[in-house]
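Examination of the molecular architecture
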Amino acid sequence: MQTWRVIDTGIRRAAENFALNRALLEARKNGASPSTLRFLQFKPSALLGYHQSAEQELKLDYCAEHGIDIQRRITGGGALYMDETQFGWELYLHKSDLGSADMTAIARRICEAAARGISSFGVDARFRPRNDIEVGGRKISGTGGAFDGDALLYQGTLLVEFDVEKMLRCLRIPAEKLSDKAIQDARDRVVNLKDLLGYAPPLDEVKGRVQQAFAAEFGVKFEPGGLNETEQKLFREALAQIDTPEWIHLVRKPQSDLPILEAGQKFAGGLLRAAVAYDRVGSRIKQTWFTGDIFVNPRRTVADLEAALKDLALDKLDETVRGFFAGRQVDMLTLTPDDFIAVVKQAVDSGR
Amino acid sequence: MATVRNCNLPDDLYYSVENNVWARLEADGTLTVGMTAYACNLAGEVVAFTPKKVGKEIEQNKSVATVESGKWVGPVKAPVTGEIIATNDAVAAKPGTINADPYGAGWLVKMKPSDWAGQSGSLVTGAAIAAAFEAKMNADGFAGC
């Protein structure tokens, strides 16, 4: 049986966490590191995906006023907020550990294993494409990755006793998403281990469950370790680059290229509203928020649909929405899939 | 046109098999560089593309651009050393073009190679393409495009 390393780097600034991302990925690629599971935590920070722009994604004034660090990840995906009430897990692997180079399949395999670790607490955690882990339609973990040559880093979060309101206040989202009701709705769409279990389990226990699940999935055992000399050197070099305004603002795009466009329409099945963060340059829907006076059962359907519409080319909207509803049993009175399409298009058109 | 496990790999191009990129030698001695159809298939739909800046000298096997697909971020690596002389703005605006037309409209950067005669021997072209990619796909456990 192969032995992989497990490292816990504790609570750190985001710059240090991402410098470690780069250092450990580089070291794994060069054969200077074994395959590794790392646990990490963050001081309060608003974190951009690699290709995102701070101006487009974050409320910079709010972050500055509240002492929230802003940093850019080396991995993909969307902006998020991390603090001590969540933790992160990361795998640094070689493609030969996986027997596949298909990135979608690798992400699924890792997420499904992480979900089994969470499920070992007696809850039903599942992988939700494209990159989330959820329990009963509520997100408990978001994930993303980076690769270089045959080495890869895949990372995820895990909510233990997190209040999503803190995240909403850092992100550039429609103002009405900060109303009491909207914040409650947002809370309903994520879930903490504490909510599910009635108590916050000790972090070491949660990490142990995740570690056991990865050990079982990959048929390996884990041995605790620290950073070797090569990794420490690479870490210092990476930190000198990442802990700078140049890295944080590596991608700069004006807010006007990513407006948040809104529309609402009264259908026979109720009032449906959509707010769409729309990438004008690439004609892509970056994110959609549905609200309104509608009845949809199961309730998770709306959150699932929002997830399915993330980062979607506008010309794929119709087929994606119809394909989404074709695959499931949903009761929404007289509201139809085409009503969702119509209100999203109306929002996008309002910005043209 | 070579086809390996249903992936198109035009045989007039030069390939860095390890980096899964292609290069076309243009009449003026410059190179056009992009991802192979195989690389596109492994990545899934590309949703973001950020090239290095025009004028920058990039060493062989170092990153000329960064792409993102399905929340994975990774580098596209230079097949040979050279200066970036152009980047594809149309692809930056619509990265899905890379998947739709990897050898045409989906090109990524143009380079002026600094030592084509010395370095092009590390690339494969023509009749050698099929066996080289067959071996890579085998190592990657890849079923087909």
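The next thing to look at is the packing of aromatic side chains. All names here are of chain A. Tallied over the entire structure, the rule returns 15 aromatic pairs over all chains. Summarising the aromatic geometry, the rings of Trp4 and Phe222 are spaced 6.0 Å apart at their centres and angled 75° between planes, so their arrangement reads as edge-to-face. One end of the pair, Trp4, is in strand β1 (residues 2-12); the other, Phe222, is in strand β11 (residues 220-224), with 218 residues separating them in the sequence. Considering the side-chain rings of Phe324 and Phe325, the 5.1 Å spacing of their centres and the 90° angle between planes classify their relative orientation as edge-to-face. By relative accessible area, which is 8% here, Phe324 ends up buried. Accessibility expressed as a relative area gives 9% for Phe325, which makes it buried. An aromatic cluster of three or more residues is present, and its members are Phe290, Phe324, Phe325 and Phe340. The ring of Trp247 carries the charged tip of Arg22 above its face, separated from the ring centre by 5.0 Å. The ring of Phe121 is capped by Arg209, whose NZ or CZ atom sits 4.2 Å from the centre of that ring.

What follows covers the nonpolar core. All names here are of chain A. Counting 65 residues, the largest nonpolar core has Trp89, Ile133, Ile140, Phe214 and Phe218 as its most contacted members. Looking at this core, the element that brings in the most residues is helix α5 (residues 103-119), giving nine residues. When residues of this core are assigned to domains, at least three map to each of domain 1 (2-248) and domain 2 (256-349). Filtering out sequence-adjacent residues up to four positions away, Phe214 remains in contact with Leu37, Trp89, Leu91, Ile110, Ala113, Ala114 and Phe222. Phe290, Leu309, Ile341 and Val344 belong to the second-largest nonpolar core, a separate cluster that totals 27 residues.

Residues and elements named next belong to chain A. Enumeration according to the criterion identifies 35 salt bridges over all chains in this entry. For the salt bridge of Asp8 with Lys207, the shortest nitrogen-to-oxygen distance reads 2.8 Å. Of the two residues, Asp8 sits in strand β1 while Lys207 sits in helix α9 (residues 203-218), which places them 199 residues apart along the sequence. On the basis of relative accessibility, which here comes to 8%, the residue Lys207 falls in the buried class. Between Asp163 and Arg187 there is a salt bridge, with its nearest N and O atoms 3.1 Å apart. Residue Asp163 is located in the loop between β10 (151-159) and α6 (164-170), and its partner Arg187 is located in helix α7 (residues 180-189); the two are separated by 24 residues in the primary sequence. Classification of Asp163 by relative accessible area gives partly exposed; the value is 28%. Connected via shared salt-bridge partners are Arg128, Asp132, Glu134, Lys139, Asp304 and Arg328.

Under the definition given, this model contains one disulfide over all chains. Here Cys7 of chain B engages in a disulfide with Cys145 of chain B; their sulfurs sit 1.9 Å apart. Where Cys7 of chain B bonds to Cys145 of chain B through sulfur, the torsion about that S-S bond is close to 100°, and the disulfide is right-handed. Of this pair, Cys7 of chain B sits in strand β2 (residues 7-9) while Cys145 of chain B sits in the segment after α5 (129-140), and the two are 138 residues apart along the sequence. We classify Cys7 of chain B as buried; its relative accessible area is 0%. Classification of Cys145 of chain B as partly exposed rests on a relative accessible area of 31%. Left without a disulfide partner, Cys63 of chain A is nearest to the cysteine sulfur of Cys170 of chain A, which lies 4.3 Å away. By relative accessible area, which is 0% here, Cys63 of chain A ends up buried. By relative accessible area, which is 0% here, Cys170 of chain A ends up buried.

Another aspect to go through is the domain arrangement of chain A. When the parts of a complex come together, some accessible area is lost, and that lost area is often used as the size of the interface. All names here are of chain A. Per the domain assignment, the segments of chain A are domain 1 (2-248) and domain 2 (256-349). Centre-to-centre, using C-alpha coordinates, domain 1 lies 28 Å away from domain 2. With 14 residues of domain 1 in contact, the opposing surface of domain 2 contributes 19 residues. Buried surface at the junction of domain 1 and domain 2, both sides included, amounts to about 1400 Å², of which 44% is carbon and sulfur.

All names here are of chain A. Within the secondary structure layout, Glu134 lies in strand β8 (residues 132-135). A polar contact is formed between the side chain of Glu134 and the backbone nitrogen of Gly137, at a distance of 3.5 Å. Aside from chain neighbours lying at most four places away, what touches Glu134 is Asp124, Ala125, Arg126, Arg128, Lys139, Ile140, Arg300 and Asp304.

Analysis parameters
- Residues numbered from 1 in each chain as written.
- Chains lettered and ligands numbered in written order.
- Predicted model: local features only at pLDDT ≥ 70, side-chain atom pairs only at ≥ 80, totals over all residues.
- Heavy atoms only, no water.
- Phe/Tyr/Trp six-rings, centres within 6.5 Å; stacked < 30°, edge-to-face > 60°.
- Helix = DSSP H or I, 4+ residues; strand = E, 2+ residues; numbered from the N terminus.
- Buried < 20%, exposed > 50% of the residue type's maximum accessible area, 1.4 Å probe, protein only.
- Lys NZ or Arg CZ within 6 Å of the ring centre and 35° of its normal.
- Core = buried A, V, L, I, M, F, W, Y, C linked by side-chain atoms within 4.5 Å.
- Domains from an automatic or database assignment.
- Contact = heavy atoms within 4.5 Å.
- Salt bridge = Lys/Arg side-chain N within 4 Å of Asp/Glu carboxyl O.
- Disulfide = S-S within 2.5 Å.
- Buried area = accessible area lost by both parts, 1.4 Å probe.
- Polar contact = N/O pair within 3.5 Å; in protein donor to acceptor, adjacent residues only side chain to side chain.

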